[in-house]
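# Chain and residue survey
Take a look at the letters that make up each chain.
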Amino acid sequence: MAEAVLEHGPALLQVPRRSRVREGLRGYGLIVAMWIRSTMAYRTSFALSALGNAAITLLDFVAIFIMFSHVDVLGGFTLPEIAFLYGSCSASLGLADLLMGNTDRIGARIRDGSLDTMLVRPVPVLAQVAADRFALRRLGRVGQGLGVLAWAAWTLGPQVEWTSGRMLMVPVMVVSGAAIFAAVMVAGAAFQFLAGDAAEVVNSFTYGGCTMLQYPPTVFAKDLLRAVTFVVPLAFVNWLPALYVLGRPDPLGLPGWVAFLSPLVAFAVFLPASLAWRAGVRSYRSTGS
């Protein structure tokens, strides 16, 4: 059934692109609302799981805090400055994980054939995959990251000249970073149509990338900085915007206006990721069982 749909094209692909996007967002919202109602039926369990999620992710910052009990600066950055990097990256990854994190399940769906049921529904597959088993408890990571970010911004108050541009850069940085991480997740999901199971490969760029971005760029080799700026542009998640906010120079000597490109980079990354996803769906031929 799924193979026939893919060969002849589902009716969804015959409607205008704007209608497909609108229907995708609507379908995503309905599925998410269903899972939220299910989650809130057990509110104590939800509260405990969200707090547990926040506490577990906070351990990363605790390790950084303990490290600064022995040193005053790391790569020329103080604890509040690194907390600023940590909080922004953690909040961005938390948002992406909340909204698109379930795309890493696509490998399992390909192997067991459950993806076939999604292909015959009048809702874009990506919306169904991303919203399936929506985990509201992941808000814990978002809240924890925003809390550390707020503390860092408050502590840095006397050191940073908080112009309107710098204040606006903070929410733009978090949202754009989430979009970049989400694009990487979609690209990784598309790759699983070829690899079968590459969830850990994707995690190395998302969770592994976030771990790297929690530390100042000055502690890494310039070859790595070039790779995460021009190849997989994770530097636009928080490094480049944060350097502008903190008033620090870029180790690669890039012009200052590069810090404002995060929204454009997010769009530039999402476009090929979405095309790769569509190519992956069209190449899918079911499990044969």
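Everything here concerns the structure above.
Residues numbered from 1 in each chain as written. Predicted model: local features only at pLDDT ≥ 70, side-chain atom pairs only at ≥ 80, totals over all residues. Heavy atoms only, no water.

## Description of the packing of helix α9 (residues 164-195) against helix α12 (residues 239-246)
Where α9 meets α12, the axes come as close as 9 Å, and the angle between the chain directions of the two elements is 160°. For the element pair α9 / α12, the angle class is roughly antiparallel. As for the relative orientation of α9 and α12, their crossing is left-handed in sense. Judged by residue contacts, Gly165, Arg166, Met169 and Met173 of α9 engage Pro241, Ala242, Tyr244 and Val245 from α12. Considered class by class, the residues forming the contact of α9 with α12 number 6 nonpolar, 1 polar and 1 charged. (Axes fitted to C-alpha atoms, helices over the stretch in contact; angles between N-to-C directions. Helix = DSSP H or I, 4+ residues; strand = E, 2+ residues; numbered from the N terminus. Parallel < 35°, antiparallel > 145°, perpendicular 65-115°, else oblique. Left-handed = near helix turned anticlockwise from the far one by under 90°. Contact = heavy atoms within 4.5 Å. Nonpolar A, V, L, I, M, F, W, Y, C, P; charged D, E, K, R; others polar.)

## A closer look at the layout of surface pockets
In this approach a probe as big as a water molecule rolls over the atoms, and the regions it shows empty are the leftover space. Of the voids in this model, the second largest pocket is the one considered here, and its volume is about 290 Å³. Surrounding the second largest pocket, 15 residues form its lining, Ala183, Val184, Ala187, Gly188 and Val232 being those nearest its centre. Secondary structure elements with two or more residues in the lining of the second largest pocket: α9, α10 (199-213) and α13 (262-283). Tallying contributions element by element places α9 first for the lining of the second largest pocket, with 5 residues. (1 Å grid on protein atoms, 1.4 Å probe; cavity = no way out; pocket = protein on both sides within 12 Å on 5 of 7 lines; lining within 4 Å. Points joined across faces, edges and corners; volume = space filled by probe spheres on them.)

## Topic: the state of the cysteines
Applying the stated criterion across every chain, the model contains 1 disulfide. Put simply, Cys89 and Cys210 are joined by a disulfide, and their sulfur atoms are 2.5 Å apart. Taken as a pair, Cys89 in helix α4 (residues 79-100) and Cys210 in helix α10 lie far apart in primary sequence, 121 residues in all. Classification of Cys89 as buried rests on a relative accessible area of 0%. A relative accessible area of 1% means that Cys210 is categorised as buried. (Disulfide = S-S within 2.5 Å. Buried < 20%, exposed > 50% of the residue type's maximum accessible area, 1.4 Å probe, protein only.)

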